[in-house]
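# Notes for the structure review
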Amino acid sequence: MFGEEDPRATREGAIKLARLYFIGGFFGLPFLWLVNVFYFRQMYYKISTPEEIKRYVRRSFIFWLLSMIVLLIWFIVYQVKKSQWQSISMNILTDELSEVLQFF
């Protein structure tokens, strides 16, 4: 794009990009693991693809899947416990608000 060559064009560039997406997923960006899987999906099934790229793509898929399972579990737990947690959080907020208002 815009005169830049595709990073997948060279073996080293592809490995570097796959590794970058894989590591980026650990910094709170799990969608990068999914991007890694889709970006290298055509290369993954070729026999000539370096094993390092396949390893990063495979691990990216596994970590993305695990992060989505954890997120789904959190959604379910939150929906089930929301009413209990809401009363607790309201008590905490009320206590903190009363302490703040004492100064005024």
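Use the structure listed above.
Here we come to the environment of W64. Within the fold, W64 resides in helix α4 (residues 51–102). Separated by 34 residues in the primary sequence, W64 and P30 have C-alpha atoms spaced 5.9 Å apart. Sequence-distant contacts of W64, that is, excluding residues within four places in its chain, are made with P30, W33 and L34.

Looking now at the pattern of salt bridges. Scanning the model with the defined rule gives one salt bridge in all. Among the salt bridges present, the one from R58 reaches E51, with a minimum N-O distance of 3.2 Å. Take R58: its relative accessible area is 36%, and that puts it in the partly exposed class. Take E51: its relative accessible area is 45%, and that puts it in the partly exposed class.

Reading guide: rules and limits
Residues numbered from 1 in each chain as written. Predicted model: local features only at pLDDT ≥ 70, side-chain atom pairs only at ≥ 80, totals over all residues. Heavy atoms only, no water. Helix = DSSP H or I, 4+ residues; strand = E, 2+ residues; numbered from the N terminus. Contact = heavy atoms within 4.5 Å. Salt bridge = Lys/Arg side-chain N within 4 Å of Asp/Glu carboxyl O. Buried < 20%, exposed > 50% of the residue type's maximum accessible area, 1.4 Å probe, protein only.

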